[in-house]
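# Close look at the chain arrangement
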Amino acid sequence: MNDSSILIESLKAQPHADWAALSCELPKASFICFQTDENIKLKSYLQMLARIESVNSGKISYLDNIKLGYLDETINLVSVLSGFNNLILAANYHQLNSPEFILQQAEELLVDFNCLAIKDSLPAFMSAFEQRLLLILRALMLSPDILFIAKPFHGLDYCDYSRLHDCLVKLVTERNISLVCCDYEPEFIEKNTNMMIHYQQQTFKITS
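Residues numbered from 1 in each chain as written. Predicted model: local features only at pLDDT ≥ 70, side-chain atom pairs only at ≥ 80, totals over all residues. Heavy atoms only, no water.

So, on to the side chain of S178. Here S178 is to be found in strand β7 (residues 178–182). Here the side chain of S178 touches A29 through a polar contact of 2.9 Å, landing on its backbone nitrogen. (Helix = DSSP H or I, 4+ residues; strand = E, 2+ residues; numbered from the N terminus. Polar contact = N/O pair within 3.5 Å; in protein donor to acceptor, adjacent residues only side chain to side chain.)

Rendered as structure tokens:
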């Protein structure tokens, strides 16, 4: 892929046979939202783009050395680890940086997203919002260029929705991470979307 402004290019890609083919380009530092009123598992398309699920047919190209992040409602924190140890878990496992750098990066994220209060807490003593935010921060520890989040507001009340909304906006506007979501609140779409990928009648229509 030669265009450095495009992170991922999908050309007639399908996660499953007989499903609609997806052709799109996902740019840097953008909100990209998948939407449908029909009974189709959009999460499978996010998983396909994030290399969680294999491509059944078609082709997906990625910018060289791209880093991908993925979250959905089935991914949880480790119940016996504190907030801080949950945060550094994946970074330590992948050994992407020195232990000292990882500790410093974790501290900076907790400060930047105003969640130092949960540093020493176990997940059972965190609110639903705090757990969701910590999962997102754990993904940020791996410095993704693009973060896929299925059902980002799942199980949150309106107050928590507003708080998480502001955090997600920050990822794009301040950290230049592309954010790809499905199954979200309509208000989130209206305020933030740079690209809409709408599925209807076996076809994806893209608007920006």
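Within the structure shown, the criterion is met by 6 aromatic pairs. Put simply, the rings of W19, F34, Y45, Y199 and F204 touch in pairs and so form one group of aromatic residues. Sitting over the face of the ring of Y62, R51 holds its NZ or CZ atom 3.7 Å from the ring centroid. (Phe/Tyr/Trp six-rings, centres within 6.5 Å; stacked < 30°, edge-to-face > 60°. Lys NZ or Arg CZ within 6 Å of the ring centre and 35° of its normal.)

Pairing of side chains with opposite charge becomes possible as their charged atoms draw close. Scanning the entire structure with this criterion turns up 7 salt bridges. Across the salt bridge formed by K151 and E73, the nearest N and O atoms sit 3.8 Å from each other. On the criterion of sequence distance, the pair formed by K151 in the loop between β6 (146–150) and α5 (158–173) and E73 in the loop between β5 (68–71) and α2 (83–94) is long-range, its members being 78 residues apart. K151 sits in the partly exposed class, given a relative accessible area of 28%. Under the relative-accessibility criterion, E73 is labelled partly exposed at 25%. Shared partners join several salt bridges into a network, and the residues in it are K43, D72, E73 and K151. (Salt bridge = Lys/Arg side-chain N within 4 Å of Asp/Glu carboxyl O. Buried < 20%, exposed > 50% of the residue type's maximum accessible area, 1.4 Å probe, protein only.)

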